[in-house]
Amino acid sequence: MAENMRAKWKPLLQGELSREARVVLSSLYMALSQPSESWVSGWPNRQARGESRISLSNGYAGLSIFFAYASALGEKGNRERAAFFLNQSIERLAETEAGASLFSGFPGVAWASTHLQRLWALDSDWDNNGPVDTLLVGLLGKPELSCSYDLVEGLVGLGVYFLERLPWLIARDGLFLISEHLRNRAVRHGSGLTWPTDVRFIPASLQNQYTSGYFNLGMAHGVPGVVSLLSRMHTEAMGKSGIEPIIEGAICWMLEQEEKRDEGPNYPCWIGQNGDRRNGRYAWCYGDMCIIISLMSAARSLGNAEWENSALALARKISRESINGTAQRGTADPFFCHGSAGMAHMFNRLYQATGEESFKLAAIAWFKKLLAARKEGTGIAGYASTLINDEGINCWPNNPGILTGAAGVGLALLAAVSDVEPMWDKIFLLDLSPKPS
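Residues numbered from 1 in each chain as written. Predicted model: local features only at pLDDT ≥ 70, side-chain atom pairs only at ≥ 80, totals over all residues. Heavy atoms only, no water.

### Description of the overall build of the protein chain
- Summing up its helical and strand segments, the protein chain has 15 helices and eight strands in all.
- For the protein chain, whose C-alpha radius of gyration is 20 Å, the value lies close to the compact-globule estimate of 22 Å for 437 residues.
- The C-alpha extent of the protein chain, read off along each of the three principal axes, is 55 × 50 × 50 Å.
- Per-residue burial over the protein chain gives 58% buried out of 437 residues.
- Considering only intrachain contacts with a sequence separation of at least 6, the fraction spanning at least 24 residues in the protein chain is 69%.
- Taken as two groups, the 40 positive and 44 negative side-chain charges of the protein chain have centres that lie 4 Å from each other. (Helix = DSSP H or I, 4+ residues; strand = E, 2+ residues; numbered from the N terminus. Rg over C-alpha atoms; globule rule 2.2 N^0.38 Å. Buried < 20%, exposed > 50% of the residue type's maximum accessible area, 1.4 Å probe, protein only. Contact = heavy atoms within 4.5 Å. Lys, Arg positive; Asp, Glu negative; His and termini not counted. Charge placed at Lys NZ, Arg CZ, Asp CG, Glu CD.)

### As for the pattern of salt bridges
- In this structure the tally under the stated criterion is 18 salt bridges.
- A salt bridge links Arg 165 to Asp 133, with the nearest nitrogen and oxygen atoms 2.9 Å apart. Of this pair, Arg 165 sits in helix H7 (residues 155-165) while Asp 133 sits in helix H6 (residues 130-140), and the two are 32 residues apart along the sequence. As far as burial versus exposure is concerned, Arg 165 and Asp 133 are alike and both buried.
- Lys 426 is the partner of Glu 164 in a salt bridge, and the nearest nitrogen-oxygen pair spans 2.7 Å. Highlighted residues: Glu 164 in helix H7 and Lys 426 in the segment after helix H15 (406-417), separated in sequence by 262 residues.
- One connected set of salt bridges, linked through shared partners, spans Asp 127, Asp 133 and Arg 165. (Salt bridge = Lys/Arg side-chain N within 4 Å of Asp/Glu carboxyl O.)

### Quick look at the packing of helix H1 (residues 15-32) against helix H3 (residues 60-70)
- Their axes nearest at 12 Å, the elements H1 and H3 cross at an angle of 135 degrees. The angle between H1 and H3 places the two elements in the oblique class. Crossing of H1 over H3 shows left-handed handedness. Where H1 abuts H3, its residues Leu 25, Leu 28, Tyr 29 and Leu 32 lie against Leu 63, Phe 66, Phe 67 and Ala 70.
- Residue composition of the contact of H1 with H3, by class: eight nonpolar, no polar and no charged. (Axes fitted to C-alpha atoms, helices over the stretch in contact; angles between N-to-C directions. Parallel < 35°, antiparallel > 145°, perpendicular 65-115°, else oblique. Left-handed = near helix turned anticlockwise from the far one by under 90°. Nonpolar A, V, L, I, M, F, W, Y, C, P; charged D, E, K, R; others polar.)

Below, the structure is given as structure tokens:
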């Protein structure tokens, strides 16, 4: 484990909550230690089952990340489990029609491989992702790409991959090409810049309603993901690439979408071309927390105190709602993407980045909800996931993943009881630097 990852991060949970979290973690280690066919049997379709088995978001590559960070707590066998799942994800790539997306495709497997190399301080002789770099740069070199711009499936996700590949020179080539594609796709809207989501990349259930597409305000599929990526690119000595005006224009557009409320989300999930707004939520994937994290990332990269103050004011509002319990009313899911684990971890990140006590208390409130959501005898270690199967029926598969499954719960809990900075959250664009001691 790279020792500099222990320099500033502080365990959040103490006493009985820490002990309870560690009991859950022990159950997760046991439940996730060996692959199970039940993990994929209920997933939506054959292609999803194949990709999900190896993927970073919900498959073996993600499990390698979970067990790698679990090894830092000293539990025997977790490093070996991490290596096993990484090797499984690599070996099964050949039999899987994996696409070029971070969350479900081969770049996610390559990201996990690179990240474990850094985490375990292995020398560059272990690196075998050069062919992936070359393939992706070749794809990005095409003037017209038929992919989305987002984090989960598109350009932003590939940017996260190439950030992990730095300082390799080809990674800078990839990042430059991504910045050019994002620059070319940006449109002027209101007083700022944004990126429309084409109807092809909208969920099928919404395509009839948004036939001309919409503007997405989520981290997973929308503009906050672009802002967060470009801010990290700016920080990584790419400030001379001319991306500052794009970041400024995008933040101008995001802030224009706010409708201040005394309680509940201020920002919508998305906005139709006709101005129709989908009500917001409190989650990682959509809602006000996405705006907060992206504003914080940009503020610290470009040195803009006004953006950081706006982010912190909104975060304090949500922390008050979290502490008094009103923020949790609309969140039934325990998982990372749109549930308690994601909210708990984001407030933990905000606390570590600022030292504000209210963010610590909000994080603890969400962790209490996460621990209370566990139901013995269901799902994986008491955490069951809902997905839609081929017939459109809700089913309860045992989802092991870090995005919408048990390993994501585990990673959030590990970050709450460990002194190891959770750099795995770079895939969620949440890696705000901890405040110096």
